[in-house]
Amino acid sequence: MCKTFSELTFEEIQIGLTKEFDVTITQSLVDDFAKISGDFSPIHVTEEYAKSTKFGKRIVHGMLLASLLSRMVGMHLPGKYALYTSQTLEFRNPCFIGDEIIVSSTVIDKSESTKIIKIESKITNNKKDILLCGEGRIIVRDD
């Protein structure tokens, strides 16, 4: 995992700027998220139970996917100077262990007076299905 971060300033950020990264969803990520969040719902952690659902297998926590938006904002867009203020989320399709996903965000607005940027984010799988989408508002600090 890359631990270097972007250092985009408010002035450097332009509407239309897009960043993306990919992640493979592993068993370990799901297990760790269950431990951190305390969400041990059987749809996420019990294979036998999950087989009896319409999904036929375990599905990844939607909030695990949403947590990747924090990586986007804190590491890529804008990076070091980011301070999240809000994020909307819409869960569209399930994600499964082993899926390779792409997290992408695009700047759709910026306010000179508040130094807030709006980004539209989506997470897709390798079949191009949208798993999650939403809009975030981020203050770009100048410190």
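Treat the numbers as computed from the prediction; the structure is a model and nothing was measured. (Residues numbered from 1 in each chain as written. Predicted model: local features only at pLDDT ≥ 70, side-chain atom pairs only at ≥ 80, totals over all residues. Heavy atoms only, no water.)

## Quick notes on the packing of aromatic side chains
Argument step 1. Enumeration over the complete set of coordinates arrives at 0 aromatic pairs.
Argument step 2. The ring of F96 has K57 lying over it, and the distance from NZ or CZ to the ring centre is 4.6 Å.
Argument step 3. Its guanidinium or amino end placed over the ring of F10, K110 lies 4.4 Å from that ring's centre, counting from NZ or CZ. (Phe/Tyr/Trp six-rings, centres within 6.5 Å; stacked < 30°, edge-to-face > 60°. Lys NZ or Arg CZ within 6 Å of the ring centre and 35° of its normal.)

## Concerning unusual backbone geometry
Argument step 1. Note the cis peptide between L77 and P78, where omega equals 5 degrees.
Argument step 2. Of note, the phi angle at K115 is positive, near 60 degrees, even though the residue is not glycine.
Argument step 3. Following the sequence through the fold, K115 ends up in the loop between β4 (100-111) and β5 (116-125). (Helix = DSSP H or I, 4+ residues; strand = E, 2+ residues; numbered from the N terminus.)

## Here's the deal with the pattern of salt bridges
Argument step 1. This structure, assessed with the given rule, holds 5 salt bridges.
Argument step 2. Notably, a salt bridge pairs E112 with K115, separated by 3.8 Å at the nearest N-O pair.
Argument step 3. The class of E112 is exposed, set by a relative accessible area of 53%.
Argument step 4. Relative accessible area serves as the criterion here: at 28%, K115 is assigned to the partly exposed category. (Salt bridge = Lys/Arg side-chain N within 4 Å of Asp/Glu carboxyl O. Buried < 20%, exposed > 50% of the residue type's maximum accessible area, 1.4 Å probe, protein only.)

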